[in-house]
Amino acid sequence: MSRRRRLAWLPIVCTAVAGAAAQGTVVPPLAATIEIDAGTVENRISPLLYGQFLEFMYEGIKGGLHAELIANRGFDGDPTAGLPPRWLRYPDDRIDDYGIVFKSEPRALGARSERFEGIVEPTAVRIELKPAVVARHGLFQPRVPVRQGLEYRGSIWIKTDGFEGEVRAGLEADRSAGPTYDESLIANVSGDWKRYAFTLKPASSDPLARFVLLFSGKGTIWIDQVSLMPGDAVGDVRADTMAKVKALKPAFIRYPGGNVAQDYHWQWGIGPRDERPSWINLSWNNEIEPSDFGTDEFIAFARAAGAEPTITVNVDGRGATVEEAAAWVEYCNGPATSKFGALRAQNGHPEPYGVKYWEIGNEIWGDWVRGHSDAATYARNLARYVAAMRAIDPSIQVIAVGDNDMAWNRTVLQNLSDRLEFLAIHHYYSRRDMDGDVKNLLARPLHYERFYGEVESELGKLPPNRRPALAINEWGLDLTESQVHSMLGALYGARLMNAFERRGSVVGMSAVSDLVNGWPGGIIQASRDGLFVTPIYLVNQLYATHLGSERLATRVEGPTISTTKEGSDVSVVDVVTSRSADGRNIFIKALNTDLERPVTLTVVVHGARVLSSAVVDRVTAPSLQAVASFRTPNAVRLSRSSLKAAERFQLELPKHSVSVVTLGVAK
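Residues numbered from 1 in each chain as written. Predicted model: local features only at pLDDT ≥ 70, side-chain atom pairs only at ≥ 80, totals over all residues. Heavy atoms only, no water.

### Notes on the pairing of strand S27 (residues 599-606)
Next, step 1: Counting buried residues in S27 gives seven out of eight residues, a clear majority hidden from the surface.
Next, step 2: Here strand S2 (residues 30-44) runs beside S27; their pairing, made up of eight bridges, is parallel. Counted as the bridge partner of Ala31 is Thr600 from S27. (Buried < 20%, exposed > 50% of the residue type's maximum accessible area, 1.4 Å probe, protein only. Helix = DSSP H or I, 4+ residues; strand = E, 2+ residues; numbered from the N terminus. Pairing = 2+ DSSP bridges.)

Quick look at the structure:
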């Protein structure tokens, strides 16, 4: 194995050692050395570097992030036997219960003037009741997780005609003759549409309970917009998901997409929640999306998580216009005396939100998005959108659509006369790209690092006041769960984030895809009744909570390998070193990409007096077969230990591991 002297920006990957390890003999550790020059700063690191990306994608928002427990609470979609998707007849369909008949029909509740292409026509369920032989009947929704003793706040809209009887809401076991956990009488039901509130406090926990609506008596009754929110929700967000998001210390959170940004009209997601339309998600399997989590909810969530909200506007997709984008800026940032600022105030938020970061479209170069165009057309649209949006708020910072294709980037940059703060570029790496060689996966981030250098050279041709930073605000892996939820995912993510820091002179923002669910790569995997975090989450958390402000010159000497597609002389150990803003700490981010052998790393620090006690945080797993899942949430773990340090010390890097060493520095 060759040993080379190298700069820190020349990273490092994995060694295949089949022989001795397979035979069960002791495999000696590899050896590497790093020298850190604390007196030489290679580049500054953006405080915005580690953000997150949130998208309306399957249960990325509904179910995974949003706390609402009722699916299809507006009774939308094609009905079966009078009931729309997600709703079932109670108690079941064994017999002809002629005393209750369901029918979906159009409703006026929540009808809005902004129709737009893509909304689902609102419906309600009409229920005809008459005396019959089944005494306890109604409708229910299964798979509603509940916890003992927690209060659940519910509501339902009801209209009646000649109704004499009772309406009850309840939680019970989803089985025949199962126990009732709690039940609430909805009193004084009569007349035109009204919202009725109720509370339920289950006597038992059940991850698969059912929510029931029961009716007795006779007459006609209409129901719509059912809601059930857990009492521990943080605003509108699940408490368990919110805790994991906050632990990431996200600098920003990007919303509403992604591809969905080119489907979405922001007007859908404002105003009273029960009056908002549902819409068809063209990007992701034509799913029906509720508009419960709109602009106001997103901004509240981002700020509660300690992050800056970043909004992606729709560029010419699904009937979107420049005026619509400018109106969104005014809704968020305009005074309460402006047209859309007044609408925000009317919705309960008189003070402007001050949203700084605005992205103009998403992946417009791709033919899978609405509003797809060539680079020259996008550049013209970009100029129109930026002018209209900055006419509302000149202080906004703009993120433009870039690509891995430099021809696209040149066209966009050369045709924009206004300033541009960021250029967005996305990276996804797949099984096809890996081509059966895991070393290709682990070396791939070095390709992106070289590409960032090319982009930086191109940006250098622009006037200094028109040179944007890069926003790598979508990156991810299209691998099997057994790969992306193992240490392979952690190693890839850590090496890519090391590349971000080494190219900190040009990379200003980054976000993994996605924050919650969406892909198998979604770093928080949230089911209806629980969650686990992926190895990439752990690495992301580790890096974001050890974000230095200056990258220090670091030289690396160690073993290298060759790959089938990503070149030769690829380092096994990848290191980046930074210093905290207050100068009191040095962070060493080191990964060992060898899948079989540990590495004994000798660390030498020049130009600083290192305190004797250091902290080591590590992401590790006993093997590559250890995969994070709902059954095994701790298969890949984050651990902390102490280490005796000095200006020269040794550090053990376990096989396939990611480590961050925090050195104290005497002032």
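The structure having been displayed, the exposition proceeds.
### Some remarks on the confidence of the model for the protein chain
Next, step 1: Looking at the protein chain, the pLDDT average stands at 93 and 95% of residues meet or exceed 70.
Next, step 2: Below pLDDT 50 for its whole length, residues 1-23 participates in 89 contacts with residues either more than four positions away or in separate chains. (pLDDT = per-residue confidence, 0-100. Contact = heavy atoms within 4.5 Å.)

### Observations concerning the packing of helix H3 (residues 295-304) against helix H4 (residues 322-333)
Next, step 1: It is at 11 Å that the axes of H3 and H4 come closest, and there the two elements cross at 55°. Taken as axis vectors, H3 and H4 run oblique relative to one another. In terms of crossing hand, the pair formed by H3 and H4 is right-handed. Residue-level inspection shows Thr295, Asp296 and Ile299 of H3 in contact with H4, the latter providing Trp328, Tyr331 and Cys332.
Next, step 2: Of the residues assigned to the contact of H3 with H4, the class counts are four nonpolar, one polar and one charged. (Axes fitted to C-alpha atoms, helices over the stretch in contact; angles between N-to-C directions. Parallel < 35°, antiparallel > 145°, perpendicular 65-115°, else oblique. Left-handed = near helix turned anticlockwise from the far one by under 90°. Nonpolar A, V, L, I, M, F, W, Y, C, P; charged D, E, K, R; others polar.)

### Remarks on the pattern of salt bridges
A side chain of one charge can pair with a side chain of the opposite charge if their charged atoms are brought near each other.
Next, step 1: Evaluation of the coordinates by the stated rule reveals 41 salt bridges.
Next, step 2: Residue Asp240 pairs with Arg238 through a salt bridge whose shortest N-O separation is 2.9 Å.
Next, step 3: Judged by its relative accessible area of 31%, Asp240 is partly exposed.
Next, step 4: One salt bridge connects Glu458 with Arg410, and the closest N-O pair in it is separated by 3.1 Å. One end of the pair, Glu458, is in helix H9 (residues 438-459); the other, Arg410, is in helix H7 (residues 406-414), and 48 residues separate them in sequence. (Salt bridge = Lys/Arg side-chain N within 4 Å of Asp/Glu carboxyl O.)

### Things to note about the packing of aromatic side chains
Next, step 1: All chains considered together, the criterion is met by 30 aromatic pairs.
Next, step 2: Relative to Phe293, the ring of Tyr255 has its centre 6.2 Å away and its plane inclined at 70°; by these criteria the two rings are edge-to-face. Of this pair, Tyr255 sits in strand S12 (residues 252-255) while Phe293 sits in the loop between strand S14 (287-289) and H3, placing them 38 residues apart in sequence. Phe293 matches Tyr255 in its accessibility class, with the two residues each being buried.
Next, step 3: Where Tyr357 meets Phe422, the ring centres are 6.3 Å apart and the plane angle is 70°; that geometry is what we call edge-to-face. In this pair, Tyr357 is assigned in strand S16 (residues 357-360) and Phe422 in strand S18 (residues 422-430), connecting sequence segments 65 residues apart.
Next, step 4: A cation sits over an aromatic face here: Arg210 above Phe140, 4.7 Å from the ring centre. (Phe/Tyr/Trp six-rings, centres within 6.5 Å; stacked < 30°, edge-to-face > 60°. Lys NZ or Arg CZ within 6 Å of the ring centre and 35° of its normal.)

### Digging into the nonpolar core
One recurring pattern in soluble globular proteins: nonpolar side chains tend to sit buried together.
Next, step 1: One finds Phe301, Trp358, Ile360, Tyr452, Phe500 and Tyr543 to be the most contacted residues of the largest nonpolar core, which totals 112 residues.
Next, step 2: Among the elements that take part in this core, helix H11 (residues 487-502) stands out by supplying nine residues, more than any other.
Next, step 3: If we ignore the near neighbours within four places in the chain, the residues touching Ile360 are Val313, Val315, Tyr378, Leu382, Tyr385, Val386, Met389, Val398, Ile399 and Val401.
Next, step 4: Among the nonpolar cores identified, the runner-up in size contains 36 residues, and Ile70, Ile158, Tyr196 and Leu200 belong to it. (Core = buried A, V, L, I, M, F, W, Y, C linked by side-chain atoms within 4.5 Å.)

### Remarks on unusual backbone geometry
Next, step 1: Cis rather than trans, the peptide bond between Tyr90 and Pro91 has omega equal to 0°.
Next, step 2: Summarising the element assignment, Pro91 is placed in the loop between strand S4 (88-90) and strand S5 (100-106).
Next, step 3: A cis amide bond, omega 20°, links Gly257 with the succeeding residue Gly258.
Next, step 4: Within the element layout of this structure, Gly258 appears in the loop between S12 and strand S13 (279-281).
Next, step 5: Here Ala81, not a glycine, exhibits a phi torsion of approximately 55°, which is positive.
Next, step 6: With respect to the helices and strands, the residue Ala81 is situated in the loop between strand S3 (50-53) and S4.
Next, step 7: Classification of Ala81 as exposed rests on a relative accessible area of 61%.
Next, step 8: The phi dihedral of Asn517 is positive, around 50°, even though this residue is not glycine.

### A word on the environment of Gly319
Next, step 1: Note that Gly319 resides in the loop between strand S15 (308-313) and H4.
Next, step 2: Since its relative accessible area comes to 54%, Gly319 is described here as exposed.
Next, step 3: Sequence separation of Gly319 and Glu117 is 202 residues, and the distance between their C-alpha atoms is 7.0 Å.
Next, step 4: When residues no more than four places from it in sequence are discounted, the contact partners of Gly319 are His265 and Glu324.

### Some details on the sheet that holds S18
Sheet strands pair by backbone hydrogen bonding; their relative direction is either parallel or antiparallel.
Next, step 1: Taken together, eight strands build a closed barrel; the order of strands is S3-S12-S15-S16-S17-S18-S19-S20 and the barrel is parallel. Across the sheet, the axes of successive neighbouring strands diverge by a mean angle of 30°, strand direction being ignored.
Next, step 2: As paired strands, S15 and S16 are joined by four bridges and run parallel to one another. The partner of Val313 across the bridge, within S16, is Ile360.
Next, step 3: Contacting S12, S15 and S16, H4 crosses the sheet at an angle of about 160° to S15.

### Side note on the side chain of Asp274
Next, step 1: With respect to the helices, strands and loops of the structure, Asp274 is situated in the loop between S12 and S13.
Next, step 2: Contacts of Asp274, omitting those with residues within four sequence positions, involve Arg73, Trp157, Arg195 and Gln225.

### A short note on the environment of Leu129
Next, step 1: As for its placement among the helices and strands, Leu129 is situated in strand S6 (residues 123-129).
Next, step 2: A C-alpha to C-alpha distance of 49 Å links Leu129 and Glu323, two positions 194 residues apart in sequence.
Next, step 3: When near neighbours in sequence (up to four residues on either side) are disregarded, Leu129 contacts Gly99, Ile100, His137, Phe163, Phe215, Ser216, Gly217, Lys218, Gly219 and Ile221.

### Quick notes on the packing of H9 against H11
Angle between the axes and distance between the axes are the two parameters that describe a pair of packed helices.
Next, step 1: Relative to each other, H9 and H11 sit at 15°, their axes nearing to 9 Å. Between H9 and H11, the interaxial angle falls into the category roughly parallel. Of the two elements, H9 crosses H11, and the hand of that crossing is right-handed. Touching Val438, Leu441, Leu442, Ala443, Arg444, Pro445, Leu446, Tyr448, Glu449 and Tyr452 of H9 are Leu488, Leu491, Tyr492, Arg495, Leu496, Ala499, Phe500 and Arg502, all from H11.
Next, step 2: Its residues assigned to classes, the contact of H9 with H11 shows 14 nonpolar, no polar and four charged.

### What about H9?
Next, step 1: Look at H9: 33 Å from first C-alpha to last across 22 residues, which is about the 32 Å you get at 1.5 Å a residue.
Next, step 2: Arg444 marks the point of greatest bend in H9, at about 35°, and the proline Pro445 comes within the next four residues.
Next, step 3: Extensive coverage of H9 is indicated by the burial of 16 of its 22 residues.
Next, step 4: With a side-chain oxygen positioned 3.0 Å from the backbone nitrogen of Lys439, the residue opening H9 is Asp437. (Expected span 1.5 Å × (residues − 1). Bend = angle between axes of the 7 residues up to and from the residue. Polar contact = N/O pair within 3.5 Å; in protein donor to acceptor, adjacent residues only side chain to side chain.)

### Description of H4
Next, step 1: For H4, built from twelve residues, the straight-helix expectation of 16 Å at 1.5 Å per residue is met to within 8% by its first-to-last C-alpha distance of 17 Å.
Next, step 2: Judged by how many residues are buried, H4 sits mostly within the fold: eleven of twelve residues are covered.
Next, step 3: What H4 keeps buried is the set Val322, Glu324, Ala325, Ala326, Ala327, Trp328, Val329, Glu330, Tyr331, Cys332 and Asn333.
Next, step 4: Buried residues belonging to H4 abut S12, H3, S15, helix H5 (339-346), S16 and helix H6 (375-392).

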